[in-house]
Amino acid sequence: MGEKVRPDNKFALIVYLWGSIAGVISGLLSTYYRPGWVIGALMFLATDLFVKLLLGEDLPRDIKELPEDGRRKAILRRAFWGWLLFWLYFTMLVYTLGIGFEPKAYNNQSLLSKMMNGTGR
């Protein structure tokens, strides 16, 4: 029960958390101001600061062994895909909820139309 979480897993969770936070901010801003998503996307550049703040010196071994000036680049490279997918998901989710999206079926024979109207086959 007293097992510690590996630094690699902590790193991934923190990146996902930061991507989620950036996505929510990005989605909220883009609801009111079209290019607001850019601000959320720029939050990626602060990923290394967020990771270092929460992890401290408990960085993954391959990043910890690098000199201080190379760590930022390594963190950003390693965090890119995880951060991007969480950011994109939460941006779209919050934006869709924020604008009150309602699907519209333009053909009464489509599956969406049948689902919305309760008609079968």
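Note: the structure precedes this text.
The notes below deal with the structure included here. Per chain, the residues get numbers from 1 upward, laid out in the order the sequence is written. Only residues with pLDDT of at least 70 are given local features in this predicted model, and only at 80 or more are side-chain atom pairs given and counted; all residues enter the totals for whole chains, interfaces and linings. With hydrogens and water set aside, each side-chain value is computed from the structure's full complement of heavy atoms.

Re the pattern of salt bridges
Okay, so step 1: Here, a salt bridge means any side-chain nitrogen of Lys or Arg that lies within 4 Å of a carboxyl oxygen of Asp or Glu. On inspection of all chains with the given rule, the structure shows seven salt bridges.
Okay, so step 2: Between Arg78 and Asp8 there is a salt bridge; the shortest N-O distance is 3.2 Å. With Arg78 in helix H5 (residues 68-99) and Asp8 in helix H1 (residues 7-32), this pair connects stretches of sequence that are 70 residues apart.
Okay, so step 3: Throughout, exposure labels follow a simple rule: accessible area from a 1.4 Å probe, protein chains only, divided by the maximum for the residue type, with under 20% read as buried, over 50% as exposed, and the rest as partly exposed. Taking the relative accessible area as the measure of exposure, Arg78 reaches 35% and is therefore partly exposed.
Okay, so step 4: Among the charged side chains, a salt-bridge network with shared partners connects Arg6, Asp8, Asp62 and Arg78. Helix and strand assignments follow DSSP, with helices taken as H or I runs no shorter than four residues and strands as E runs no shorter than two, numbered in order from the N terminus.

Remarks on the nonpolar core
Okay, so step 1: If you look at the biggest cluster of nonpolar residues, it comprises 18 residues, and the most contacted ones within it are Phe11, Val51 and Trp83.
Okay, so step 2: Contributions of two or more residues to this core are made by H1, helix H3 (47-55) and H5.
Okay, so step 3: Excluding anything up to four places from it in sequence, Val51 contacts Phe11, Ile14, Val15, Gly56, Leu59 and Ile75. By convention a nonpolar core is built from buried Ala, Val, Leu, Ile, Met, Phe, Trp, Tyr and Cys residues, the set being connected through side-chain atoms within 4.5 Å. In this analysis, two residues are considered to be in contact whenever any of their non-hydrogen atoms come within 4.5 Å of each other.

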